[in-house]
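Below are the chains, spelled out letter by letter.
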Amino acid sequence: MTDEKNYMQKAWWKIASVLLLIYTFTCGLLLDVPHLPALQETIRNLYFHVCMWFCMMVLFIISVINSIRFLRSFDLKYDVYARQYAVVGIVFGILGYATGAIWMSYTWADPNNPAFQSFSAVAREPKLIGAAIALLIYFAYLILRDSITDMDKRARISAVYNIFAFAMLFPTIWIVPRLLPSLHPGGESGNPALDTRDIDGRMRLVFYPAVIGWTLLGVWISTLKIRLKILKEKKMMHETL
Amino acid sequence: MKSFNHIYSLFKKDLLLEVRQQYNFYGILLYIGATIFVLYMAIEEPEPKVWNGLFWVIQLFICINAVAKSFLQESRSRMLYYYSIAGPRDFVLAKLLFNSLLMLVMSLLSLLLFSLFLTNPVQKILPFIGLVLLGGWSLSLVFTFLAAIAAKAQQNAAIMAILGFPLIIPQLLLLMQLSNAAFKPELTIPIDIVLLLIALDLMVVLLAVILFPFLWKD
């Protein structure tokens with residue numbers, strides 16, 4: 001009995017994640033949505049596309065927090081955390097691009113031009129640039145981290161870069177949208193998804209649970225990867241000893 | 001006061017090294033000259049927009065070349081020596097100061113060569129010179145810190161480009177926008193963007209001072 005209770009305490013957020021995602025997939029596809037010109041039914045992609053970016057940013061923030069924790073304690077465990085959260089964040093970023101590309105091809109792309117030719121016009125888009133910078137930073141982080149063989153040094157240097165790059169990323173996300181015109185809704189006022197005027201009440205009912213569900217899923221995948229990595233490292237240590 | 005003395009003597013050491021081993025300085029100079037000459041051969045009279053883009057991208061590459069060796073030249077034993085006589089904060093501040101000076105000189109020289117070979121579309125000369133100095137300073141600060149990371153990772157200058165390019169994009173965008181204003185007489189240079197750039201530079205200095213001690217220890 002105590003085991004069961006303990007399990008519930010540990011796993012409630014995993015169950016919540018599954019339930020919220022089931023809710024997202026059923027209600028997100030079945031409930032009524034506002035019919036806007038150009039968007040029509042593609043507006044349902046909001047529950048998937050925007051959530052990917054939220055999840056990516058949350059995972060990157062967790063990664064930086066773990067880098068800071070590493071520099072405060074020099075416990076190599078946090079270095080593994082930081083790297084795995086960054087990797088899963090990158091995966092969600094790529095998924096965000098993929099869902100965005102599908103959405104774009106039905107709404108923004110010039111129907112007279114093939115998608116490949118309208119790419120350079122559409123890609124000059126502040127939100128795309130911001131996301132591209134974030135992904136480039138984390139790719140660079142992975143390359144830097146994996147290029148160093150010494151474990152302590154690797155952890156220290158990559159943690160320093162992670163913090164430095166992240167601190168530079170925030171002004172970027174704030175500056176770039178103010179320099180370039182955008183096709184995204186919300187324009188200059190900042191983040192369109194958080195602006196309650198922009199989004200219909202019916203959609204908010206699904207959107208906020210969807211964000212939480214996807215983010216929990218991202219964290220869940222990361223924790224699994226971390227456990228696997230730590231187990232592998234322990235095994236390696238035992239083999240060498 | 002004591003740390004001020006440390007910074008000053010470390011800065012003077014870098015300056016003296018530069019004066020004595022002049023090949024380095026002339027190397028960067030030749031790099032600037034050769035690059036701009038190639039551009040001159042490739043395009044005759046670029047439009048202001050192209051001039052602007054080319055100018056800042058060339059600044060970026062000059063900066064990587066000028067700054068890259070600042071940490072790579074320090075051997076392991078010499079670093080150990082600095083470790084015993086000065087703190088990491090003094091050391092990184094001295095490097096930032098020296099690279100800023102180096103990059104200011106190089107920016108001015110490249111501006112001179114650019115306007116000599118590729119004509120000069122700039123309408124407001126003095127504000128633009130100020131802008132070039134500010135840009136050179138911004139670039140040198142970011143890449144000095146990345147040079148420290150690259151040196152510690154025992155990597156070459158190529159990794160500096162990978163690490164630095166995504167970080168420098170916002171500053172470059174701001175600088176290009178300001179330069180566009182300097183090209184057209186009817187536009188005024190927005191002062192709030194200049195202040196934003198200075199704030200970003202100060203943030204980089206602050207981050208370098210906070211984070212460098214972690215790189216330094218071995």
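Right above here is the structure, for reference.
Note that the structure is predicted; figures quoted are calculated from it, not measured.

(A) Summary view of the interface of chain A and chain B. Chain A puts 26 residues into the contact, and the matching count from chain B is 29 residues. Contact with chain B buries area across many residues of chain A, yet Phe164, Met168 and Leu179 of chain A alone supply 25% of it, more than any other trio. Summed over the shared surface of chain A and chain B, the result is 0 salt bridges. Across the contact surface, chain A and chain B share 3 residue pairs in polar contact (both at pLDDT 80 or more). Among the elements that line the side of chain A that touches chain B, the one with the most residues is helix 6 (residues 151-179) of chain A, at 16 residues. Of the residues assigned to the side of chain A that touches chain B, the class counts are 22 nonpolar, 2 polar and 2 charged.

(B) Seen up close, helix 8 (residues 191-216) of chain B. A rise of 1.5 Å per residue sets the reference length of helix 8 of chain B, with its 26 residues, at 38 Å; its end C-alpha atoms lie 37 Å apart and thus fit the reference within 8%. The largest bend along helix 8 of chain B measures about 35° and falls at Ile210 of chain B, with the proline Pro213 of chain B one to four residues further on.

(C) The state of the cysteines, seen in detail. Across all of its chains, the model carries 0 disulfides over all chains by this definition. Unpaired in terms of disulfides, Cys27 of chain A finds its nearest cysteine sulfur in Cys51 of chain A, a separation of 14 Å.

(D) Looking closely at the packing of aromatic side chains. Residue and element names in this part refer to chain B. Applying the stated criterion across every chain yields a total of 30 aromatic pairs over all chains. Ring plane angle 85° and centroid distance 5.3 Å describe the contact between Trp51 and Phe114, whose orientation is recorded as edge-to-face. Linking Trp51 in helix 3 (residues 48-72) with Phe114 in helix 5 (residues 88-117), this pair joins segments that are 63 residues apart in sequence. Here a set of aromatic residues connected by ring pairs shows up, and it is made of Trp51, Phe55, Trp56, Phe114, Phe128 and Phe183.

(E) Highlighting unusual backbone geometry. Of note in this structure, Phe74 of chain A is not a glycine but carries a positive phi near 55°. Looking at where Phe74 of chain A falls in the secondary structure, it is placed in the loop between helix 2 (46-73) and helix 3 (76-107). One non-glycine residue, Thr119 of chain B, lies in positive phi territory at about 60°. As for its position among the elements, Thr119 of chain B is in the loop between helix 5 and helix 6 (125-152). Exposure remark for Thr119 of chain B: the relative accessible area of 32% places this residue in the partly exposed category.

(F) Highlighting the side chain of Asp201 of chain B. Residue and element names in this part refer to chain B. In this fold, Asp201 is placed in helix 8. By relative accessible area, Asp201 is classed as buried at 0%. Among the polar contacts made by the side chain of Asp201, one reaches the side chain of Ser138 at a distance of 3.0 Å. Discounting residues that sit within four places of it in the chain, Asp201 has contacts with Leu134, Trp137, Ser138, Leu141 and Gln171.

(G) The pattern of salt bridges, seen in detail. In total, this model carries 5 salt bridges over all chains according to the counting rule given. One salt bridge connects Asp146 of chain A with Arg145 of chain A, and the closest N-O pair in it is separated by 3.7 Å. The class of Asp146 of chain A is partly exposed, set by a relative accessible area of 46%. Relative accessible area serves as the criterion here: at 7%, Arg145 of chain A is assigned to the buried category. Among the ionic pairs, Asp14 of chain B bridges to Lys95 of chain B, the shortest N-O distance being 3.4 Å. Separated by 81 residues along the polypeptide, Asp14 of chain B in helix 1 (residues 2-20) and Lys95 of chain B in helix 5 bring together distant segments of the chain. On the basis of relative accessible area, Lys95 of chain B is assigned to the buried category, the value being 2%. Here the salt bridges do not stand alone but share partners, grouping Asp79, Arg83, Arg145 and Asp146 of chain A into one network.

(H) Summary view of the packing of helix 2 (residues 22-42) of chain B against helix 3 of chain B. Residue and element names in this part refer to chain B. Viewed as axis vectors pointing N to C, helix 2 and helix 3 meet at an angle of 160°, and their least axial separation amounts to 10 Å. Taken together, the axis directions place helix 2 and helix 3 in an arrangement best described as roughly antiparallel. Crossing angle aside, the handedness with which helix 2 passes helix 3 is right-handed. Residues Asn24, Ile28, Tyr31, Ile32, Thr35 and Leu39 of helix 2 form the contact with helix 3, whose own contacting residues are Leu54, Ile58, Phe61, Ile62, Asn65, Ala66 and Lys69. Counted by class, the contact of helix 2 with helix 3 contains 9 nonpolar, 3 polar and 1 charged residues.

Calculation notes
Residues numbered from 1 in each chain as written. Chains lettered and ligands numbered in written order. Predicted model: local features only at pLDDT ≥ 70, side-chain atom pairs only at ≥ 80, totals over all residues. Heavy atoms only, no water. Contact = heavy atoms within 4.5 Å. Buried area = accessible area lost by both parts, 1.4 Å probe. Salt bridge = Lys/Arg side-chain N within 4 Å of Asp/Glu carboxyl O. Polar contact = N/O pair within 3.5 Å; in protein donor to acceptor, adjacent residues only side chain to side chain. Helix = DSSP H or I, 4+ residues; strand = E, 2+ residues; numbered from the N terminus. Nonpolar A, V, L, I, M, F, W, Y, C, P; charged D, E, K, R; others polar. Expected span 1.5 Å × (residues − 1). Bend = angle between axes of the 7 residues up to and from the residue. Disulfide = S-S within 2.5 Å. Phe/Tyr/Trp six-rings, centres within 6.5 Å; stacked < 30°, edge-to-face > 60°. Buried < 20%, exposed > 50% of the residue type's maximum accessible area, 1.4 Å probe, protein only. Axes fitted to C-alpha atoms, helices over the stretch in contact; angles between N-to-C directions. Parallel < 35°, antiparallel > 145°, perpendicular 65-115°, else oblique. Left-handed = near helix turned anticlockwise from the far one by under 90°.

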